[in-house]
Amino acid sequence: MKIKVKNIRRDIRGENFFSGATLYLFSNILAAAIPFALLPILTRYLSAAEYGQVAIYQTVLAALSAFVGISAQGAASIKYYEGDVAKEELKIFIGSCLLILVSTSSLVFLAAMVFAESISELLAIDRGWIFIAVITSSATFVITIRMTQWQVRNEAKKYAIMQVSQGVLNAGLSLLLVVCLVQGAAGRIWALSMIPVIFFVISLILLHRDNLLGFGWRPNYIREILSFGVPLIPHSLGTFLLSSADRFIINEKLGLEQVGIYMVAVQLVAVMGLVFDAINSAYVPWLFERLKRDQMDEKRRIVRWTYVYCLMLLCIAGLAFIVGPSILTLIAGEKYSTGGPIVGWLALGQAFQGMYLMVTNYIFYSKRTALLSASTIVTGLINLGLLLILINFMGLRGAAIAYALSMALKFLITWFVAHLRHPMPWFNFNRSSSYAK
């Protein structure tokens, strides 16, 4: 028995753990980098207005994710860690998640039928794409269920293969439809929709093959899933208002062409977000281990290096104000050059997002996240108000400034909440201070 325990610990802490973490990191970066790699091609085959249509469709997908399935995939992941849950019961729990998906998707589809015409006019996209977006969101939910069940079982290779395969096939189909068949915005939207439906079928087959799909009426499971997912809807909506609502406002105020130009600039600076997320993925376990030790000298060092890191991010954002316009024109082409002046502001917003990641971890460590959801809603609503005001006076630059200001506010509020939930010596470096005692 001792040998088995020793082997298990070695497996968790040794090569398997780190190779798994590396695979997750590699697959996340590669999957997210594929759309960026497509950017120089798509911007030369799509007009700014067509690129705006694609951006609006992707934003609709993001909005639907708050309602379709109500984050039940997260409940299924947590259920796995409950040691007293038999595999047969986990099957039924996952089946219950799919029942929730069918119910929520049906309600959203009915709402789309009622309001499709109005939504189509408001967003300037074909009403058919609204229904396809509901189907795509539902398919993506099932794919996420499959992938998270691999993730909780540390089956990183299978997770990485599915994630990267989706990205590669999406890129390939986009190039075929947009470049070879010259289908314009419709080609890109079809690629974004068809690949999730294909992988939806594959995910169902794999769930069934791994004996993770069963159905049975369990009202207590339904209640458990709803109690997990429904409170997350405000948080999801706040995140949407903060990160995606600007597309809708720009479309309404300035038109689809300006949405396309804005989104090209957004995708350019999104590279910063990829790097920050990767750094945070490696930082979290390191941080939590030291917070658990609760040594004041270590906390002071963490605070000092956090300040250094934040200063570096602000310097990078400052550099983006200088070189960003030239890089945008080089990558996307001259017809998107009018988006150059907003690159710096968007980069500043990304810098504040990177700083936010450094402080939000303390809230998750405390396991007291209610105020985090409240801060997301507040900053999302403030962002919406700033958008409506600044776009009228400053156009696209106003939208970018609203984003940067809102992300700065999100960082500051989260920093304050983090200090309430898990105090750190943010303004106290004196070894002999009373705080250290």
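What counts as what
Residues numbered from 1 in each chain as written. Predicted model: local features only at pLDDT ≥ 70, side-chain atom pairs only at ≥ 80, totals over all residues. Heavy atoms only, no water. Buried < 20%, exposed > 50% of the residue type's maximum accessible area, 1.4 Å probe, protein only. Helix = DSSP H or I, 4+ residues; strand = E, 2+ residues; numbered from the N terminus. Arc of directions from axis to C-beta. Contact = heavy atoms within 4.5 Å. Patch = residues over 30% accessible without salt bridge, like charges linked within 9 Å, V, L, I, M, F, W, Y side chains within 5 Å. Areas by Shrake-Rupley, 256 points an atom, 1.4 Å probe, with all protein chains shown as cover. Salt bridge = Lys/Arg side-chain N within 4 Å of Asp/Glu carboxyl O. Expected span 1.5 Å × (residues − 1). pLDDT = per-residue confidence, 0-100. Axes fitted to C-alpha atoms, helices over the stretch in contact; angles between N-to-C directions. Parallel < 35°, antiparallel > 145°, perpendicular 65-115°, else oblique. Left-handed = near helix turned anticlockwise from the far one by under 90°. Nonpolar A, V, L, I, M, F, W, Y, C, P; charged D, E, K, R; others polar.

Inspection of helix H9 (residues 219-229) places Tyr-221, Ile-222, Ile-225 and Gly-229 among the buried residues, and these make up the whole buried set. One side of H9 carries all its buried residues, which in axial view fall inside an arc of 100 degrees. Residues of H9 that are buried in the fold lie against helix H4 (72-80), helix H5 (87-123) and helix H10 (232-243).

On to a nonpolar patch on the surface. Taken together, the side chains of Leu-107, Leu-110, Met-113, Val-114 and Phe-115 present a nonpolar region at the surface, about 550 Å² in accessible area. With respect to the secondary-structure elements, Val-114 resides in helix H5.

What follows covers unusual backbone geometry. Here the phi dihedral of Val-182 falls at roughly 50 degrees; this positive angle occurs in a residue that is not glycine. Here Val-182 is to be found in the loop between helix H7 (156-180) and helix H8 (184-209). Located in the positive-phi region is Asn-211, a residue other than glycine, with phi close to 60 degrees. Tracing the backbone shows Asn-211 in the loop between H8 and H9.

Looking now at the side chain of Arg-247. Tracing the chain through its elements places Arg-247 in helix H11 (residues 245-254). Among all residues touching Arg-247, those that are not within four sequence positions of it are Ile-56, Thr-59, Val-259, Tyr-262, Met-263 and Val-266.

All right, on to H10 then. Each turn of an α-helix holds 3.6 residues, which means side chains three or four residues apart point in the same direction. End to end, H10 covers 16 Å across twelve residues, agreeing with the expected 16 Å (1.5 Å per residue, within 8%). Residues of H10 that are buried: Ile-233, Gly-238, Phe-240, Leu-241 and Leu-242.

Within the secondary structure, Leu-90 sits in helix H5. A relative accessible area of 5% means that Leu-90 is categorised as buried. In this structure the C-alpha to C-alpha distance between Leu-90 and Ala-76, which are 14 residues apart in sequence, comes to 8.0 Å.

In this model, the protein carries an average pLDDT of 85, and 90% of its residues clear a pLDDT of 70 or more. Confidence scores differ between elements of the protein, with helix H1 (residues 2-13) showing the lowest mean pLDDT of 38 and H8 the highest of 96. Ignoring residues within four places in sequence, the model shows residues 1-17, a span with pLDDT below 50, making six contacts including any to other chains. This model gives residues 432-437 a pLDDT under 50, and the stretch forms eleven contacts once residues within four places in sequence are excluded.

What follows is about the packing of helix H3 (residues 48-64) against helix H6 (residues 127-152). The description of two helices packed together rests on the angle between their axes and the distance between the axes. The contact between H3 and H6 brings their axes to 9 Å, and the two run at 50 degrees. Taken as axis vectors, H3 and H6 run oblique relative to one another. Crossing angle aside, the handedness with which H3 passes H6 is right-handed. Here H3 contributes Tyr-57, Val-60, Leu-61 and Leu-64 to the contact with H6, which in turn contributes Trp-129, Ile-132, Ala-133, Val-134, Thr-136 and Ser-137. Residue composition of the contact of H3 with H6, by class: eight nonpolar, two polar and no charged.

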